[in-house]
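Tertiary structure, described
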Amino acid sequence: MTCPDKPGQLMSWFVCSLCVPRVRNLWSSRRPRTRRNLLLGTACAIYLGFLVSQVGRASPPHRQAREKGARQSRDSAEGPYPDIPLDGTLAPPEPQDNGATLLPNVVYITLRSKRSKPANIRGTVRPKRRKKYAGASPAPEQEALRGPSLQPRGAARAADAEEPENIQRGHLAKGGERPWRWIPGPGAQVGGSDFQLPQAGESNIRIYSERAPSWLSKEDIRRMRLLADGAVAGFQPVSSKNQARLLLLEGSTAGSGPACDRSPCGLLKQPLDMSEVFAFHLDRILGLNRTLPSVSRQSEFIQDGRPCPVILWDSSLSPTSNETHSSVKLTWGTYQQLLKQKCWQNGRAPRPEWGCTEVHHHEWSKMALFDFLLQIHNRLDTNCCGFRPRKEDTCVQNGLMPKCDNQDSVSLAHIIQRKHDPRHLVFIDNKGFFDRSEDNLNFKLLKGIKEFPESAVSVLKSQHLRQKLLQSLFLDKVYWESQGGRQGIEKLIDVIEQRAKILLTYINAHGAKVLPMNE
């Protein structure tokens, strides 16, 4: 008899050598058959259990392989990469001839709705450029139809190198290709006079798609181009503390009236007031439409070539006082009383004893929301009593900060209406502050406000504020570059997004109503 060479076989031989003779003796003995059958069944059960245990030890690798195959089949039915976000264009790994696997290129199409850091619209892998073919040059008479914002092919290539992904569209083209750029050919219409300027050359208001963003009207685009590209005819001083000047643009007609009544003008401010441009775009995105068009302009004869904000001069604004620069005389105490009376809400005429002004009640809610996001304090908190000011703030320099004991008698500033529209306010002097920390925000601006505009709150909740601000601010080429390009603009948007979250928390905590305010 040969000796078994494996432990399992040795154990089987040992059990058989012990059990078989004993079973044979028991079978041949005269013991009762019932007891004999019981012993025989027990021995067989022990031997069968031993064999099963040996088979179980050898089966896990085969079972794991079968489970792995089943799991892969389920995964292939659900999706090739269940852990990868669905907003990327991913292709499953392609097997190569040598058996290797080609990893997919990840290119994000849309902005993520939730993020803890600035969005990255650009793809992880730079997409290949489509091959460009030379086209026939348009006729000379058709060249005049090409608006300055619709860049020629050479300028478009330069813009491709600067911003490869079209920020104005807010996403990448399908499959990672470059979004198309509309360059009109012979016979194409360029949107009328709103997309034209009398002078040749590239406009500082750049639009690479067929239409401007929906929150900017045609009149907004026309005025922005006028302020950014219009030829300068001269300057006119303005009696203002911030040394602002009027920029007279060409096109004036002969007459004896003021120059800005006969031709368009822009209020030229200091480089430190560049947040006025950001405020204009934020106002339009929120659907408030209370600010005047503002752009950034750069020229050798303006502030030594440094970019400066230029705000449209509106001659329809009501006259203001020299002290408060307001067309409505209000103190903080009177303002709080007006908020309780809800003047002109729901078409209800106020009573004489209420002391209401001609301003509609909803205008104060819009102004408070706008001022809180930008932390503008020069309207409702001229003494800087709602936050900790810095030494360079105007209220500290003018010695107004200690005057916080009796706030009811403090006058509001920059409360302005139009002559033909006294129900609505016009937001001017919108210098915002992006360096206020979250523990030093001015919540006094929201005091007494019980309702907020639905259009603005919906934008703040939609998680699209960043995308819209990028699209809108990208139009102003000088402002975009003056803030450090995409990286600098992202930092400003980070601040506004965080304040928007705080404002939404404030609205929920105080039970404020969100109402449509279309009056």
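Reading the values: rules and limits
Residues numbered from 1 in each chain as written. Predicted model: local features only at pLDDT ≥ 70, side-chain atom pairs only at ≥ 80, totals over all residues. Heavy atoms only, no water. Helix = DSSP H or I, 4+ residues; strand = E, 2+ residues; numbered from the N terminus. Contact = heavy atoms within 4.5 Å. Areas by Shrake-Rupley, 256 points an atom, 1.4 Å probe, with all protein chains shown as cover. Polar contact = N/O pair within 3.5 Å; in protein donor to acceptor, adjacent residues only side chain to side chain. Core = buried A, V, L, I, M, F, W, Y, C linked by side-chain atoms within 4.5 Å. Buried < 20%, exposed > 50% of the residue type's maximum accessible area, 1.4 Å probe, protein only. Pairing = 2+ DSSP bridges. Disulfide = S-S within 2.5 Å. pLDDT = per-residue confidence, 0-100. Axes fitted to C-alpha atoms, helices over the stretch in contact; angles between N-to-C directions. Parallel < 35°, antiparallel > 145°, perpendicular 65-115°, else oblique. Left-handed = near helix turned anticlockwise from the far one by under 90°. Nonpolar A, V, L, I, M, F, W, Y, C, P; charged D, E, K, R; others polar.

1. A short note on the overall build of the protein
When helices and strands are tallied, the protein shows 15 helices and 13 strands. Contacts in the protein between residues far apart in sequence, at least 24 positions, make up 67% of those at least 6 positions apart. When the accessible area of the protein is evaluated, it comes to approximately 29,100 Å², of which 53% is carbon and sulfur surface.

2. Notes on the environment of aspartate 476
Summarising the element assignment, aspartate 476 is placed in the loop between α13 (465-473) and α14 (477-482). For aspartate 476 and arginine 225, which are 251 residues apart along the polypeptide, the C-alpha to C-alpha distance reads 9.5 Å. Dropping the residues within four chain positions of it, aspartate 476 is found in contact with Asn204, Ile205, Val277, Ser294, Val295 and Ser296. There is a polar contact of 3.0 Å between the side chain of aspartate 476 and the backbone nitrogen of serine 296.

3. As for the nonpolar core
By size, the foremost hydrophobic cluster in this structure holds 77 residues, and its most contacted members are Phe278, Leu282, Leu286, Trp364, Leu374, Phe452 and Leu503. In terms of residue count, helix α15 (residues 485-510) provides more of this core than any other element does, ten residues in total. Aside from chain neighbours lying at most four places away, what touches tryptophan 364 is Leu330, Tyr335, Leu339, Thr357, Val359, Ile415, Leu425 and Ile449. Within the second largest apolar cluster, twelve residues are counted, among which are Leu248, Cys260, Ile311 and Ile416.

4. Some thoughts on the pairing of strand β9 (residues 308-312)
Burial analysis of β9 places five of its five residues in the buried class, the great majority of the element. On β9, burial covers both faces: Cys308, Val310 and Leu312 on one face and Pro309 and Ile311 on the other are all buried. Relative to β9, strand β7 (residues 265-268) is paired through three bridges, and the arrangement is antiparallel. Residue leucine 268 lies in a different strand from β9, and its bridge partner there is valine 310. Pairing of strand β8 (residues 294-297) with β9 involves four bridges; the strand directions are antiparallel. Looking at the pairing, serine 294 lines up with isoleucine 311 of β9.

5. So, the state of the cysteines
For the structure shown, the criterion picks out four disulfides. With its sulfur 2.1 Å from that of its partner, cysteine 260 forms a disulfide with cysteine 265. Its torsion about the S-S bond being -100 degrees, the disulfide of cysteine 260 and cysteine 265 is classed as left-handed. On the basis of relative accessible area, cysteine 260 is assigned to the buried category, the value being 12%. A sulfur-sulfur separation of 1.9 Å characterises the disulfide bridge that pairs cysteine 384 with cysteine 395. Across the S-S bond of cysteine 384 and cysteine 395 the torsion is about -105 degrees, and the bridge reads as left-handed. Highlighted residues: cysteine 384 in the loop between α10 (361-374) and α11 (394-397) and cysteine 395 in helix α11, separated in sequence by eleven residues. With relative accessibility at 2%, the residue cysteine 395 sits in the buried group.

6. Some details on the confidence of the model for the protein
Looking at the protein, the pLDDT average stands at 74 and 62% of residues meet or exceed 70. Mean pLDDT values over the elements of the protein span from 33, in strand β4 (residues 107-108), up to 98, in helix α8 (residues 275-285). Taken together, the stretch residues 73-96 has pLDDT below 50 and engages in 28 contacts with residues farther than four places along the chain or on a different chain. In the model, residues 100-161 has pLDDT below 50 throughout and makes 110 contacts with residues more than four positions away in sequence or in other chains.

7. Regarding the side chain of serine 318
Along the chain, serine 318 falls in the loop between β9 and α9 (332-341). Here arginine 418 takes part through its backbone oxygen, which lies 3.5 Å from a polar atom of the side chain of serine 318. Of note is the side chain of serine 318, whose polar atom sits 3.4 Å from the backbone nitrogen of lysine 419. Setting aside chain neighbours within four positions, we find serine 318 in contact with Ser327, Gln417, Arg418 and Lys419.

8. What about the sheet that holds strand β6 (residues 245-249)?
Two strands in a sheet stick together by hydrogen bonds in their backbones, pointing the same way (parallel) or opposite ways (antiparallel). Reading across the sheet, the five strands line up as β5-β6-β7-β9-β8 and stay open at both edges, with antiparallel pairing between neighbours. The outermost strands of the open sheet, each flanked by one partner alone, are β5 (232-237) and β8. The average angle at which neighbouring strand axes cross in this sheet is 30 degrees, direction not considered. The strands that helix α6 (residues 218-229) touches are β6, β7, β8 and β9; relative to β8, the one it contacts most, it runs at about 25 degrees. Those strands touched by α8 are β8 and β9, and its axis lies near 145 degrees from that of β8.

9. Describing α8
Across the eleven residues that make up α8, a large majority, eleven, are buried. All of the buried residues along α8 are Ser275, Glu276, Val277, Phe278, Ala279, Phe280, His281, Leu282, Asp283, Arg284 and Ile285. Immediately downstream of α8, the backbone of glycine 287 shows phi near 80 degrees, a positive value.

10. Section: α9
Along α9, the positions that sit buried rather than exposed are Trp332, Gly333, Tyr335, Gln336, Leu338 and Leu339. Buried-residue contacts for α9 involve α10.

11. Brief notes about unusual backbone geometry
The phi angle at asparagine 346 is positive, at roughly 60 degrees, despite the residue not being glycine. Tracing the chain through its elements places asparagine 346 in the loop between α9 and α10.

12. Regarding the packing of α10 against α15
Put simply, α10 and α15 touch, their axes get as near as 9 Å, and they point 130 degrees apart. The angle between α10 and α15 falls in the class oblique. For the element pair α10 and α15, the recorded crossing hand is right-handed. For the pair α10 and α15, the contacting residues are Leu369, Phe372, Leu373 and Leu374 in the first and Ile496, Arg499, Ala500, Ile502 and Leu503 in the second. Across the contact of α10 with α15, the residue classes tally to eight nonpolar, no polar and one charged.

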